[in-house]
Amino acid sequence: MKNILNRLINQEVLSKLEAKEVLVNISRGSYNTSQIGSFLTVYMMRNITIEELAGFREALLELCIPIDLSNYNTIDLCGTGGDGKDTFNISTLASFVTAGAGIKVAKHGNYGVSSISGSSNVMEILGVQFSNDNAYLEKCMDQAGICILHAPLFHPAMKNVGPIRKELGVKTFFNMLGPMVNPSFPKNQLVGVYNLELARKYAYLYQNTEVNFTILHSLDGYDEVSLTCPTKTITNQMEGMLKPEDFGVSILTQSEIKGGNTIEESAKLFTDIISGKGTEAQNNVVCANAAMAIATVTKCTPLEGFQIATESLLSGKALLALKKLKELSK
């Protein structure tokens, strides 16, 4: 690691193979916490290369505990986090709205690191059980239309990194990797990223896979459709720009999609919104993101997706998916 750190400090970059080897060695406990912390810090101070990102991704996918959900045409709705916006749990709510609309969702998530409350924090407080048992996850998929893949259960190799990330408390390249290392290898992916450069890198990497993808970045910095400004989109076929009017709604202010200050507040917000008690702004931003997941899988327009998502939320179908998941957790 000393040699790797010296090279990185001198502005050198790693090859794909070298990047992969570092992550494998981290998983084996070959480095001490100071070395791992320093390694993560380098990538907060300079941009990651596509080769490095590809190497890190390959290592995590090879080291993960895989789950076979190949019988389902699944999608994962996952953002990188690290946008510093402290919104409520939009992508997790959108996941349940998407499931309520009849599309199978394999939601990869984790506890919050650079945010107050990650998807796993909210799921845990609401009583959803985390498991890496294939039979249980298939049952969730069959009966609720969604299963929760809590990252630490599938990436035991990264147990040496979790506490260090938590202590650092800022985004690291693991934020970039999160959406790309779903252990069920979903056929479809809706991924939000925190800057345009990362959107391009994601597009490059995904184009070398068989994944049907949509990448999102709101131009004011959100890693999702925020409805506070236009959103850049990149898919397998095209690039585009989405505006709030494409969903048939008005532009929002950032304060309207703010999250809670604690995990408990975040869970209450989540419960209110999925129960149909959200504000119009909250409902719209959730349904806009669910719309893009629905459009990714079905190839409908964003407006058509938005109408399907709104029906799922307001009719209680999204809430039913959550209730079913909680029942299966008992």
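Here is a short report on the structure shown in this document. (Residues numbered from 1 in each chain as written. Predicted model: local features only at pLDDT ≥ 70, side-chain atom pairs only at ≥ 80, totals over all residues. Heavy atoms only, no water.)

### Side note on the packing of aromatic side chains
Point 1. In total, this model carries 11 aromatic pairs according to the counting rule given.
Point 2. Ring geometry for F56 against F173: centres 4.4 Å apart, planes inclined by 10°, an arrangement best described as stacked. Of the two residues, F56 is situated in helix α4 (residues 50-63) and F173 in helix α10 (residues 173-177); the sequence distance between them amounts to 117 residues.
Point 3. The exposure class assigned to F173 is buried, which follows from its relative accessible area of 0%.
Point 4. Here the aromatic rings of F247 and F306 are separated by 6.1 Å at their centres, their planes lie at 50°, and the arrangement is tilted. (Phe/Tyr/Trp six-rings, centres within 6.5 Å; stacked < 30°, edge-to-face > 60°. Helix = DSSP H or I, 4+ residues; strand = E, 2+ residues; numbered from the N terminus. Buried < 20%, exposed > 50% of the residue type's maximum accessible area, 1.4 Å probe, protein only.)

### A closer look at the pattern of salt bridges
Point 1. Counted by the stated rule, this structure contains 12 salt bridges.
Point 2. With a shortest N-O distance of 3.1 Å, R7 and E12 are connected by a salt bridge.
Point 3. Relative accessible area serves as the criterion here: at 17%, R7 is assigned to the buried category.
Point 4. You can call E12 partly exposed: its relative accessible area is 35%.
Point 5. Notably, a salt bridge pairs E197 with K201, separated by 3.3 Å at the nearest N-O pair. In this pair, E197 and K201 are both assigned in helix α11 (residues 196-206), 4 residues apart and thus about one turn of the helix distant.
Point 6. A relative accessible area of 36% means that E197 is categorised as partly exposed.
Point 7. Linked by salt bridges that have partners in common, K16, K20, E58 and E62 make up one network. (Salt bridge = Lys/Arg side-chain N within 4 Å of Asp/Glu carboxyl O.)

### What to know about the pairing of strand β4 (residues 188-192)
Point 1. The buried fraction of β4 amounts to 5 of the 5 residues, a majority that puts the element mostly inside the structure.
Point 2. What you see with β4 is no split at all: N188, L190 and G192 on one side and Q189 and V191 on the other are buried throughout.
Point 3. The pairing of strand β1 (residues 75-79) with β4 spans 5 bridges and is parallel. Note that in β4 the partner of G79 across the bridge is G192. (Pairing = 2+ DSSP bridges.)

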